[in-house]
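Summary of structural features
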Amino acid sequence: MNRRLLNSIIILLLGTAFFSCNTPKEEVQKPNILFIMSDDHAYQAISAYGYDLNETPNIDRLAEEGAIFTHACVTNSICAPSRAVLLTGKHSFINGKVDNAQPFNWDQDNFPKLLQANGYQTAMIGKIHLDGLPQGFDFSMVLPGQGAYYNPDFLVNGEKKRFEGYCTEIITETMLDWLKNKRDPNKPFCALYHQKAPHRNWKPAPKYLNLYDGITFDPPANYFDDYEGRGTAAHTQEMQVDGHAQWGHDFKMITDPDGNPTGFENELQRFNEKQKADWLAAYTPKNEAMKAAKLKGKELAIWKYNRYIKDYLRTIKSVDDGVGEVLDYLEEAGLAENTIVVYTSDQGFYLGEHGWFDKRFMYEESFRTPLLVRYPKEINPGTKIDKLVQNLDFAPTFLDYAGVEVPADMQGESFRDLVSGKTGEWRDAVYYTYYEYPSVHMVKRHYGVATERYKLMHFYYDIDEWEMYDLQTDPSEMKNIYNDPAYTDVQKDLHAKLTELRNKYGDSDENDKKYLEAYLAHQEKARQRRAEQQAKQK
Ligand code: SGN
Ligand code: CA
């Protein structure tokens, strides 16, 4: 072949390649989003986080096949506000849902509405904890309020229906049914699959009533914390496993160790005969053995921890099973490649750390939350992200993946490029607020700033106290270093950072005051309503 002919062939081939690259292709199919969230699921109770407490093989798959975030955190560690934040991409003091008590305004923008307007089919199944008909969903089946573990009611597109069975399993079945039978295969989907479990009062499924029997769990090292050197808020909370958890509601004893009825029997009225018989067959011998042992002091406190943690982990077993079923289905249906799967919780939870259950505080266990994300097209298996992402970031991240413009007033950042490894640049500090006081568990109002190493918090309203922690030297936050002269410069920097973030996000003392007044007024109204009802009953 002569040289000229060869050159012409090469030019022709290059030209064809160039031309074909520029031919408009069929529009790339938008990714599906499966957003799995459970309620109060501590990262300590996901085996991928390495705490050696329980096994969650299905949730762990997301970490193996995708990414695990070690410093994901929330903006306000309480259920309904957390949900409002993740839907709107805005801090509580902007979206208005600052506590569990006051109403949520569904008329504002949220990411499912924006996805829906951009060709997505959307569904919300499980716990939402926000009053009113959910907006932004083609299908919704949500628990009213907290919902029940056994034979729960659901609002199916707003209409109340009772379902026989175990809540976690019903939510999974409904999710699968929607994916298999209700989904429009011609549209990308965004499904919110949100479990109630492992929320208090941790009622396990019939098949797991005896899981972990015969094992004794050691409580965390600071289970017997006396809060020395910490502020008033840590001393006056009401969330101690050995102290505030109740014999009936929490420990599932029909009578307490002195033989007094606890009221737990009333909770069994919702069960059917078979469920009740299974329950009593499992718990009665354990309860009797406990009474016979006549435990006191530390031994009793450790028994309480064990009853708590076992029930808590039993409910998680069903959550993990559900994740497995849904992941299997995505694979079977050929959807796994093009679906972003997220697993998270509405906040973290104390599993006996500081002696506690519940959440609310900006201390690590409730401030941080589990986060695992799988998206084979962009995320390498085994990715680990240590940056401070927040639930504020979900809405912009999902919109980014869907190719929908993120509204300018959303306050979070898309973590799409962070998790794919495209960029390492990220924020160096996050802002936190908590408002629900006085209320159940009595955690005082506070706000604060966290960097990867330090935390500064201000507790206000009926106190005015600052706390500061160095997570590198004190990961369990046992030593308040706010007044430690060795940290004067750090304290100054954190104060500056806090002011910067309050300004950036639009928070202020006036906001704190406004929300405090609204909360107290709301509580007063509720008190008056109760008094009127009582008067009527007389
Ligand atoms: C209920 C629980 C509390 C819990 C709040 C808020 N008590 O009141 O322990 O802190 O919900 O939880 S219970 O008697 O109903 O179990 S949240 O997750 O909804 O914010
Ligand atoms: Ca919660």
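Relevant structure appears above.
Below is a short write-up of the structure. Note that the structure is predicted; figures quoted are calculated from it, not measured. (Residues numbered from 1 in each chain as written. Chains lettered and ligands numbered in written order. Predicted model: local features only at pLDDT ≥ 70, side-chain atom pairs only at ≥ 80, totals over all residues. Heavy atoms only, no water.)

Things to note about the overall build of the chain
For the chain, the helix and strand inventory stands at 15 helices and 14 strands. Against the 2.2 N^0.38 benchmark of 24 Å for 538 residues, the chain shows a C-alpha radius of gyration of 25 Å, consistent with a compact globule. Judged by the C-alpha coordinates and their principal axes, the chain covers about 105 × 60 × 50 Å. Considering the chain as a whole, with its 538 residues, one finds that 57% of them fall into the buried category. In the chain, once contacts between residues fewer than 6 apart in sequence are set aside, the share between residues at least 24 apart is 69%. About 23100 Å² of surface is accessible on the chain, with carbon and sulfur atoms providing 50% of the total. Taking the average place of the 63 positive charges on the side chains of the chain and the average place of its 80 negative ones, the gap between the two points comes to 3 Å. (Helix = DSSP H or I, 4+ residues; strand = E, 2+ residues; numbered from the N terminus. Rg over C-alpha atoms; globule rule 2.2 N^0.38 Å. Buried < 20%, exposed > 50% of the residue type's maximum accessible area, 1.4 Å probe, protein only. Contact = heavy atoms within 4.5 Å. Areas by Shrake-Rupley, 256 points an atom, 1.4 Å probe, with all protein chains shown as cover. Lys, Arg positive; Asp, Glu negative; His and termini not counted. Charge placed at Lys NZ, Arg CZ, Asp CG, Glu CD.)

Observations regarding the site of ligand 1
The full set close to ligand 1 counts 15 residues, and Cys-79, His-249, Asp-358, Arg-360 and His-441 are the nearest of them. The contact in question runs from an oxygen atom of ligand 1 to an N or O atom on the side chain of Lys-359, over 2.8 Å. Within the side chain of Arg-360, an N or O atom sits 2.7 Å from an oxygen atom of ligand 1. Taking 460 Å² as the accessible area of ligand 1 by itself, protein coverage stands at 82%. Using a 2 Å cut-off from the grid points, one finds that ligand 1 occupies the largest pocket. Residues of the shell around ligand 1, tallied by class, amount to two nonpolar, six polar and seven charged. (Near = heavy atom within 4 Å. Polar contact = N/O pair within 3.5 Å; in protein donor to acceptor, adjacent residues only side chain to side chain. 1 Å grid on protein atoms, 1.4 Å probe; cavity = no way out; pocket = protein on both sides within 12 Å on 5 of 7 lines; lining within 4 Å. Sits in = over half its atoms within 2 Å of the grid points. Nonpolar A, V, L, I, M, F, W, Y, C, P; charged D, E, K, R; others polar.)

Some details on the packing of helix H6 (residues 167-182) against helix H10 (residues 297-332)
Closest axis-to-axis distance for the H6/H10 pair is 9 Å, and the angle between their directions is 10°. With respect to H10, the element H6 is oriented roughly parallel. Contact with H6, carried on its side by Thr-168, Thr-172, Met-175, Leu-176, Leu-179 and Lys-180, involves Ser-318, Val-319, Gly-322, Glu-325, Val-326 and Tyr-329 of H10 and no other residues of that element. (Axes fitted to C-alpha atoms, helices over the stretch in contact; angles between N-to-C directions. Parallel < 35°, antiparallel > 145°, perpendicular 65-115°, else oblique.)

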